[in-house]
Amino acid sequence: MQITRGMRLKQAKEYVAGKLSVSVMDLSDPVVMLDVRKERGLGASTEAGEILYVDDPVGLEAKFHIAELLDIPINSVERFKAMTGARG
Amino acid sequence: MESSIPTRMGDGALVRLTPAEIETAIRDGVAAAVKRARVKPLTEDEIAHLLDIFSSRSRFSAVDIGDEVTLSYDGCGSQDMGTRVNDLQYYEQYLCADSVELYHHDYSYKPAKAVLGLEQTTMRQAQFLITAPCGYGAMPDLGLYTVPDGPLANWSQLLPMGKIGEARAAQEEAVELAAADIFLVAASMADAGADFIDLDTAGAAGDADFLAALKAIERIRARFPDLGIQIGMASEFVLGMHGELEYDGVRLAGLWPREQMMLAAKAGVTIFGPAINVNTGKPVAWNVARTIAIVKQCCEESTVPVHLNGGMGVGGVPMHILPPGDATSRASRAAVDILRLDGL
C-alpha cells in the first residue's frame with residue numbers, strides 16, 4: 001500500500017486489516033497471520049513441507065492473490081498478465 | 001553516586017555514562033538540531049522517553065507489540081553468497097524484509113545502463129520467486145559524469161580555480177545526462193517487472209544531484225502512474241555545489257528534510273527517506289535526539305510514507321561496518337516511537 005499507493009502506515013494497516021477481516025494488531029502476530037496467509041494464498045515463510053504445502057502459492061503466484069485481495073495494481077503482476085495474455 | 005550504564009558513541013565504541021550524563025547528551029543533541037536546522041525542540045515527554053530507552057541496560061530494545069513498522073532496504077545482500085536472486089530470497093525469507101531491492105555492484109544508474117539486459121533478466125527471474133515487493137535501486141551519482149569517468153568538466157576541480165560559471169554549466173549539463181540515464185534504467189526495469197524504483201543517496205553530489213533525481217522521478221511518474229518510487233537522501237542537508245538550482249521555484253541548496261520531502265512528493269515519490277548524519281564523537285543518545293528533532297516536522301507534515309534511513313552512519317546508528325544491535329535497536333525504536341514513522 002505504501003509502495004503503489006503512497007499510503008501512510010496507519011491507514012495502510014487499517015486498509016489491509018479490513019480487507020483480511022482481521023484486527024490491526026493481528027497483522028504483526030505470526031500465529032494469526034500464518035493461518036490467514038495460508039487460507040488466502042498470500043505466501044509465507046517457505047519451509048517447504050512444514051509450513052507450505054504443494055498447493056500453497058509462493059512467489060509471483062501469491063502476489064497475484066495479494067493484488068486481487070488489496071485491489072491494487074502490482075507492476076510485476078500486471079507485467080506477467082500482459083506477457084502471458086499476449087502469447088495466448 | 002549514580003551507577004554507569006553501558007552505551008555507545010557515534011563510532012560504535014562502548015562507553016559508560018551515568019543517567020545524568022545521558023540526559024545531558026540528549027538535551028545537547030536536541031539543542032544542536034534546533035540551532036543547526038532551525039527546528040522546534042522535542043517536548044519534555046519525548047526527552048523523558050529517550051532517557052528511558054538509553055538508560056536501559058538491556059541488550060536489545062524494541063517497539064511495543066502492534067507498533068511495528070515496515071522495513072525497506074537499499075540494495076539487498078552482500079553479493080558474496082550464491083546469486084543476487086538468492087540474496088533477495090534471504091532478505092525476504094530470513095530477515096523478514098518487507099520489500100527487497102535488486103542492485104548492481106556499482107550501485108549507480110550510469111553503470112547500470114551498460115548492463116541493462118542482464119539486470120532486466122535477473123529482475124524477471126527474481127519476480128517469479130519473490131512475494132514481497134521487489135524493486136531496483138541505484139544512486140544518481142552525478143560525479144560519474146565528470147572527467148576522468150565521464151564527458152564533462154569536473155566542477156570539483158573548477159571551483160577551487162574560481163571558475164564558478166564553468167562549474168555551474170557542467171553541473172547543469174550533468175543533471176540532464178543523469179536524469180536521462182535514471183529514466184532509461186527505471187523504465188527498462190519496470191518493463192522487466194520491477195515493483196518500484198529506488199533513487200538512493202540522492203543529493204550526494206549536492207543540489208544538482210538532487211535536481212537530477214527529481215527530474216527523473218517526474219518522468220518515471222508520468223510514464224508509470226502506479227509504480228512505486230522511493231527516494232533515499234544522501235545527507236541531512238542539500239549541499240550547494242551549484243547554489244542557484246531550483247525545482248518548482250524552490251532553491252535546492254540548503255534544504256532540510258521537511259522541504260526535501262515536499263519537493264520529492266511533488267515530483268512523484270511514494271516513499272521518502274530522510275538521512276541524518278551521525279557525529280562519531282558524540283554518544284548515540286546525542287545523535288538519536290538530534291536526528292529525531294530534525295526529522296519530526298517532516299514526519300508530521302508528510303503526505304507520503306517516511307522511511308528514515310537507519311544504518312551505518314545515519315539516523316543515529318553508529319558509523320561502523322558492523323553497527324552494534326544494542327545501539328541500532330535503540331535508535332530504531334526511539335525514532336519509531338516518537339516520529340510515528342511509516343518505515344525504516
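Residues numbered from 1 in each chain as written. Chains lettered and ligands numbered in written order. Predicted model: local features only at pLDDT ≥ 70, side-chain atom pairs only at ≥ 80, totals over all residues. Heavy atoms only, no water.

*Asks:* Give me the packing of aromatic side chains: which residues, what numbers.
*Replies:* The full count for this structure, using the stated rule, is six aromatic pairs over all chains. Taken together, F64 and F80 of chain A together with F128 of chain B form an aromatic cluster joined through their ring pairs. One cation-aromatic arrangement involves R36 of chain B over F237 of chain B; the distance from NZ or CZ to the ring centre is 5.4 Å. Across from the ring centre of Y145 of chain B, 5.3 Å away, lies the NZ or CZ of K110 of chain B, which sits over that ring. (Phe/Tyr/Trp six-rings, centres within 6.5 Å; stacked < 30°, edge-to-face > 60°. Lys NZ or Arg CZ within 6 Å of the ring centre and 35° of its normal.)

*Asks:* Which residues make up unusual backbone geometry, and what values go with them?
*Replies:* With an omega of 10°, the peptide bond running from V147 of chain B to P148 of chain B counts as cis. Along the chain, P148 of chain B turns up in the loop between strand 4 (134-138) and helix 6 (155-158). The phi dihedral of D71 of chain A is positive, around 60°, even though this residue is not glycine. Examined against the element boundaries, D71 of chain A turns out to sit in the loop between helix 4 (59-70) and helix 5 (75-86). Taking the relative accessible area as the measure of exposure, D71 of chain A reaches 59% and is therefore exposed. Of note in this structure, D248 of chain B is not a glycine but carries a positive phi near 55°. Take D248 of chain B: it is sitting in the loop between strand 7 (246-247) and strand 8 (250-251). Assessed through its relative accessible area of 49%, D248 of chain B is described here as partly exposed. (Helix = DSSP H or I, 4+ residues; strand = E, 2+ residues; numbered from the N terminus. Buried < 20%, exposed > 50% of the residue type's maximum accessible area, 1.4 Å probe, protein only.)

*Asks:* Tell me about the interface of chain B and chain A, and name the residues and values.
*Replies:* Listed by partner, the interface residues are 41 residues for chain B and 29 residues for chain A. It is Q93, T131 and D226 of chain B in chain B that bury the most area against chain A; as a group they hold 23% of the surface buried on that side. Taken together, chain B and chain A are joined by three salt bridges. D195 of chain B is the partner of K63 of chain A in a salt bridge, and the nearest nitrogen-oxygen pair spans 2.5 Å. Taken together, the connections running from chain B to chain A amount to 22 residue pairs in polar contact (both at pLDDT 80 or more). At the level of elements, helix 5 (116-129), helix 7 (164-191), strand 6 (228-233) and helix 10 (284-301) of chain B are the ones that each hand at least two residues to the side of chain B that touches chain A. Sorting elements by how many residues they give to the side of chain B that touches chain A places helix 5 of chain B first, with four residues. Its residues assigned to classes, the side of chain B that touches chain A comprises 20 nonpolar, twelve polar and nine charged. (Contact = heavy atoms within 4.5 Å. Buried area = accessible area lost by both parts, 1.4 Å probe. Salt bridge = Lys/Arg side-chain N within 4 Å of Asp/Glu carboxyl O. Polar contact = N/O pair within 3.5 Å; in protein donor to acceptor, adjacent residues only side chain to side chain. Nonpolar A, V, L, I, M, F, W, Y, C, P; charged D, E, K, R; others polar.)

*Asks:* Quick one: what's the story with the pairing of strand 4 of chain B, residue by residue and with numbers?
*Replies:* Residue and element names in this part refer to chain B. In terms of burial, strand 4 is largely enclosed, as five of its five residues are buried. A two-sided burial pattern is seen for strand 4, the buried positions comprising C134, Y136 and A138 on one face and G135 and G137 on the other. Note: strand 3 (residues 100-102) against strand 4, three bridges, orientation parallel. Residue pairing in the sheet places L102 in a bridge with Y136 of strand 4. Examined bridge by bridge, strand 4 and strand 5 (residues 196-202) share three bridges and lie parallel to one another. (Pairing = 2+ DSSP bridges.)

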